[in-house]
Structures are given as structure tokens and as C-alpha cells.
Amino acid sequence: IKACIDKHIPVLTLFAFSSENWQRPEQEVSFLMALFLQVLEQEIQKLHENQVRLRVIGDISAFSAKLQSAIKQAERLTQHNTGLYLNIAANYGGRWDIVQAVKKIGMAIQNQSLSLSDLDEAAFDHYTCLSECGPPDFLIRTGGDQRISNFLLWQLAYCELYFTETLWPDFRLAEFDEALCDFSQRERRYGRVLEEAYA
């Protein structure tokens, strides 16, 4: 988070807990929930002082009432901050995001605030979790796995992917700088030839 602030990176999304992670051992899940609550309570003031705007994306209804309350309180505290936009994906899945967007669109069509003829990619994007942030430019996947694991399926269409063997707890500033250096050398064409992409 500090590195993103220092480097003027406007948005950071961290995958903290996927909708599939409930299948992990109960003791591990309990530990992660307690850790999430502890970090929220201990770090939110520091985030607020650094103008970080925090949002938790995902279905938080499955969390304890205490954790839900802490999430909502943290989001309220930081909602008007103008620095780094920090998204924490918790009980999140890319398929869930798409399905909840479809449900919202269905409701909007039903109550006539949206017509089917106006539904295009931009309109659909408006109903997804990261609609305020725009599509991500760069995904870093740690731990040696070379897959996106149901993360931001809609948003990653033209995202640059970076895979590293480094485990997440060991991913430090040097590794982050190396990843950003790799990203800076890529040619982003969005389906066009290079001359068209920069015309």
C-alpha cells in the first residue's frame, strides 16, 4: 500500500479471501476472519491519515456481524479520501461479480431505469464491483500459480498478467519494483497493431 502511494499508483485491489476459500480447514478460515478484523481495527486510522479510500468488494453477508460492522465503519470513515483507492476482495469471486451484475441489470430493466437496447459493455460494467475504478492494467499473481483463480473475470480482459514464484508473505518492495519494471516494458495494443494503439 505504501509503495503504491509513493509511486502514485491510483488503484490497488488485493485478493484477500475468495468465495472458494470457505472450503479450507475451519481453523484456517477462523484465523483469517480474525486476522481480517484485527487488521481493520488496527490499520484503518493509518489508512485514513494517508488519504486511502477503502472498499471491500465481495459478498460480505457471510461474515460475522462484528466483521461486517467493522467493514462498513472503515468504508464510511475513508469514503471521502482522495488518495489511493484500495479495494479488498473478500468473499469475492469473478463469477459471483458477473452474476450479481446480471441480477442488478435485471432489476433495472424491470423497474424501467434501464432498457435492454441500452445494455452494452459500458452499461454492464457499471453494475460490477470495480465500476468506479476502471479496468485494471496489471495483475500480479504470487506463489507460482499461473491462473487467475476466479478473480476479476470481467475486468481482466486486457489486463497484463505477471506470475512470480515468490510467496505473498515474501513479496516485498524489490519484487514489486521488478514486476513494475516488467510491466513498463510491455506493449499494450488492445487488439490493434502497434502503430494504431499509439495513434
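Residues numbered from 1 in each chain as written. Predicted model: local features only at pLDDT ≥ 70, side-chain atom pairs only at ≥ 80, totals over all residues. Heavy atoms only, no water.

Caption draft 1: The layout of surface pockets, seen in detail. Put simply, the second largest pocket is a space of about 270 Å³. Taken together, 13 residues make up the lining of the second largest pocket; nearest its centre are Pro135, Trp154, Gln155, Ala157 and Tyr158. Of the residues belonging to the lining of the second largest pocket, the class tally is 8 nonpolar, 1 polar and 4 charged. (1 Å grid on protein atoms, 1.4 Å probe; cavity = no way out; pocket = protein on both sides within 12 Å on 5 of 7 lines; lining within 4 Å. Points joined across faces, edges and corners; volume = space filled by probe spheres on them. Nonpolar A, V, L, I, M, F, W, Y, C, P; charged D, E, K, R; others polar.)

Caption draft 2: Summary view of unusual backbone geometry. Residues other than glycine seldom take positive phi values, yet Asn91 does so here, at roughly 50 degrees. Within the element layout of this structure, Asn91 appears in strand S3 (residues 85-92). For Asn91, a relative accessible area of 6% puts it in the buried group. One non-glycine residue, Asn150, adopts positive backbone phi at about 60 degrees. (Helix = DSSP H or I, 4+ residues; strand = E, 2+ residues; numbered from the N terminus. Buried < 20%, exposed > 50% of the residue type's maximum accessible area, 1.4 Å probe, protein only.)

Caption draft 3: Representation of the packing of aromatic side chains within the structure. According to the stated counting rule, one finds 12 aromatic pairs in the structure shown. With a centroid separation of 4.3 Å and 20 degrees between ring planes, the pair formed by Phe15 and Phe151 is classed as stacked. Of the two residues, Phe15 is situated in strand S1 (residues 11-18) and Phe151 in the loop between strand S4 (138-141) and strand S5 (160-163); the sequence distance between them amounts to 136 residues. Relative accessible area serves as the criterion here: at 5%, Phe151 is assigned to the buried category. Ring centres 6.2 Å apart and planes at 85 degrees place the aromatic pair Phe36 and Phe63 in the edge-to-face group. (Phe/Tyr/Trp six-rings, centres within 6.5 Å; stacked < 30°, edge-to-face > 60°.)

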